[in-house]
Every structure is written in C-alpha cells, then in structure tokens.
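Secondary and tertiary structure notes
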Amino acid sequence: MKINLTQLTQYPVYVRLVCFILALLLLWLPLAIPIYWLVADTNLESILTLVILYIEFIFLLNIWGKQVYQQPKIFSHYGLEFTRFNGVDVLWGLAIGLTSVLVLFGLEGLLGWLVWQQPKVFFGKIILEGLLVSLGVGFAEELLFRGWLLDELQRDYKLNIAMRIDAILFAVAHFIKPLEAIIHTLPQFPALVLLGLTQVWGKRWRRGRLGLPIGLHGGLVWGYYMINVGQLTKYSGQVPDWVTGVNNNPLQGIMGVLFMGGLAWWIGNQQLKIKKDDRE
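Here's a quick rundown of the structure. Computed from a prediction, not measured in an experiment: that's the story for all the values here.

Along its length, the protein carries 11 helices and 2 strands. In the protein, the order of α-helices and β-strands from amino to carboxyl end is α-α-α-α-β-α-α-α-α-α-β-α-α. A globule of 280 residues ought to have a C-alpha radius of gyration of about 19 Å, and the protein, at 20 Å, matches this closely. The principal-axis extents of the C-alpha atoms in the protein amount to approximately 70 × 60 × 35 Å. Going through the 280 residues of the protein one by one, you find that 42% of them count as buried. Excluding contacts between residues fewer than 6 apart, the proportion of contacts in the protein whose partners are at least 24 apart in sequence is 75%. Accessible surface computed for the protein: about 15500 Å², of which carbon and sulfur atoms make up 69%.

As structure tokens, then:
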C-alpha cells in the first residue's frame, strides 16, 4: 500500500519534525550501531557516525521535499544553490566572521587582557585544516537550522516568531550532552541565541540565500579554531574569566556576547534596509 506523505502537511510543525527525525534515526541506527560496536577509536567512531548521519539527512531532505511538499528542488527552496551569488556570499560571510573574531581578540590584546604568542605548531596546516572544518560545520548547521528547520517553522508561524524559535532551538541543540558538560558551557547560551538570530537576518539580507550564513558561521569557527588550536593567545588574568570567556571560550564571556550583539545589530539593520528597498 502506497503511503500518501503529502498528508503530513496538514499536521502541526512539531508532528512533522518528529516524523522527520524518527525517519532519520531509522535510516541511521542500522549503520551507526555496528560502528559503535566495532570501532575502538572514539574519534574515528564519532567522525564516521556523524558523516553517515549527515549524508542520510541530505538524502532524506530530498525525499521529504518531493514526497511531502511536492517540491523537487527543495534545496533551492532552502536557499542552497551552487551559484555565483551564493559563492560570493560565502566569501563575504567568511570575511565578516573572521574579521569579527580578530577584532575581538585584537581589542582584548590592546586592553592587556591577553598576550599574543608564536604558534606552537606549523601554522599553515592549522589555517587549511581550520578552513575545511569551519566550512563543513557552517554548511551542516546552516542547512539544518536555517534551511530545513526554519522552513518548517515558517510554514506554521509568522516570520519573526519562526526566527525566534529557530534561534532558541539552535542554541539548545548545542547542549545535547551530559549534565556536567551542560552546566560547564551554559554561559554561552545567550551568545548562541544571538548567533541564531544573526544567521536568520543574514539569510533575509541576501534574499533567502544560505551562502552568507554558511560563510559567516564558518568564519567565526575558522577564526577561533586558528587562535585556539594554534595557541596564539594567553590570557593575562587582569580581568575575570566571565569578561573574556569562561574556559577560554569567548562565547562564554561578556565581551563575546557584546560582540555577537553588535554583529546581530549590524546584520539586522542590513536586512531591514533590504525590506525597505523592496517596499519602495
């Protein structure tokens, strides 16, 4: 008997989300469980299971678009197109994200809150490695949160309500971990919500394209990766950790929240200008 998946469009968003996630788990678990049993290296185990999960996520999105919404080009609908405009947006986002990180750490250096150090390892490797990791993270998380999830929310809610829910769920998703780790990293929650809002505004600014959010997310990750892995800075202890960032994570400090707030304000204004121009 053929199942008519278009009937899912008649259900509330939380039902659709649960159905999608259950379908994804049913595809993923038969492959993930043997890996957890057979692979002894925990790092390799995590990499393999995450890669398989995301490949299946993309595969399922394609089916979801065709069978549920009758949209054969669902990725274009999400804003993911391999066009020149999206490519330029990725580069533009990378530049904004990387510059934001460097300005934050540069200001803290000028204030004497940290000192810059020579990298402990070959820095060229860290630059390239960080770029690849950051683009992978940016692509994966933005397709998930500003692509699929935001689209599902916008089908049921007004744009601004969908944006807020998306930003909160984005932040919450970073705390799917043991309770001790949640408590340890809880101070970064406000900055993650601000980042989620910024990414939605960034997508609207670029008229629904995902290139800028992918690049911006990647640029922030890339900048922090190079500084953290390269051990380029050392905090002087002149101010408390809650100012510069608990556990050396800038998102867990007042300065990180302020900078994320400034970035959110600027990109929010850019998308407002686009909306004003469209009305005129």
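Now that the structure has been shown, we can carry on.
Grouped together as the largest cluster of nonpolar side chains are 53 residues, with contacts concentrated most on F57, L61, W64, Y78, L143 and W148. Top contributing element to this core by residue count: helix α8 (residues 189–205), with 8 residues. Apart from the residues lying within four places of it in its own chain, the contact partners of W148 are L17, F20, I21, F57, L61, W64, Y78 and L143. Residues L94, I126, W222 and M226 belong to the second largest nonpolar core, which totals 6 residues.

Right, let's get into the pattern of salt bridges. Enumeration over the complete set of coordinates arrives at 8 salt bridges. E152 serves as the salt-bridge partner of R16, at 2.7 Å between the closest nitrogen and oxygen. Of this pair, R16 sits in helix α1 (residues 13–38) while E152 is found in helix α5 (residues 123–154), placing the two residues 136 residues apart along the sequence. Each member of the pair, R16 as well as E152, is classed as buried.

Here we take up the packing of aromatic side chains. If you walk through the whole model with that rule in mind, you get 10 aromatic pairs. Centroid distance Y54 to F57: 5.1 Å. Interplanar angle 45 degrees. Geometry classified as tilted. With a gap of 3 residues between them, Y54 and F57 both fall in helix α2 (residues 42–67), about one helical turn apart. Take Y54 and F57: they sit in the same class, and that class is buried. A ring pair is formed by F57 and W148, whose centres lie 6.2 Å apart and whose planes are at 80 degrees; its orientation type is edge-to-face. Residue F57 is found in helix α2, and its partner W148 is found in helix α5; the two are separated by 91 residues along the sequence. Here the aromatic residues F20, Y54, F57, W64, Y69, F139 and W148 are joined through ring pairs into a cluster of three or more. The lysine or arginine in question, R84, covers the ring of F85, its NZ or CZ lying 4.8 Å from the ring centre. R155 extends its terminal NZ or CZ atom over the ring of Y69, reaching a point 3.5 Å from the ring centre.

This part is about a nonpolar patch on the surface. On the surface, a nonpolar cluster with roughly 930 Å² of combined accessible area is contributed by V18, I21, L22, L25, L29, I33, Y36, W37 and L38. Its place among the elements puts W37 in helix α1.

With 19 residues, helix α9 (residues 211–229) should cover 27 Å at 1.5 Å per step; its first-to-last C-alpha distance of 26 Å lies within 8% of that length. Within α9, 15 of the 19 residues are buried, which leaves it mostly tucked inside the rest of the structure. Looking one or two places after α9, you find Q231, whose phi comes out positive at around 50 degrees.

Interaxial distance between α5 and α8 falls to 11 Å at its minimum, and their mutual angle equals 80 degrees. Taken together, the axes of α5 and α8 are roughly perpendicular relative to one another. Residue-level inspection shows E142, R146, G147, L150 and Q154 of α5 in contact with α8, the latter providing G196, Q199, V200, K203 and R204. Across the contact of α5 with α8, the residue classes break down as 2 nonpolar, 4 polar and 4 charged.

What counts and what doesn't
Residues numbered from 1 in each chain as written. Predicted model: local features only at pLDDT ≥ 70, side-chain atom pairs only at ≥ 80, totals over all residues. Heavy atoms only, no water. Helix = DSSP H or I, 4+ residues; strand = E, 2+ residues; numbered from the N terminus. Rg over C-alpha atoms; globule rule 2.2 N^0.38 Å. Buried < 20%, exposed > 50% of the residue type's maximum accessible area, 1.4 Å probe, protein only. Contact = heavy atoms within 4.5 Å. Areas by Shrake-Rupley, 256 points an atom, 1.4 Å probe, with all protein chains shown as cover. Core = buried A, V, L, I, M, F, W, Y, C linked by side-chain atoms within 4.5 Å. Salt bridge = Lys/Arg side-chain N within 4 Å of Asp/Glu carboxyl O. Phe/Tyr/Trp six-rings, centres within 6.5 Å; stacked < 30°, edge-to-face > 60°. Lys NZ or Arg CZ within 6 Å of the ring centre and 35° of its normal. Patch = residues over 30% accessible without salt bridge, like charges linked within 9 Å, V, L, I, M, F, W, Y side chains within 5 Å. Expected span 1.5 Å × (residues − 1). Axes fitted to C-alpha atoms, helices over the stretch in contact; angles between N-to-C directions. Parallel < 35°, antiparallel > 145°, perpendicular 65-115°, else oblique. Nonpolar A, V, L, I, M, F, W, Y, C, P; charged D, E, K, R; others polar.

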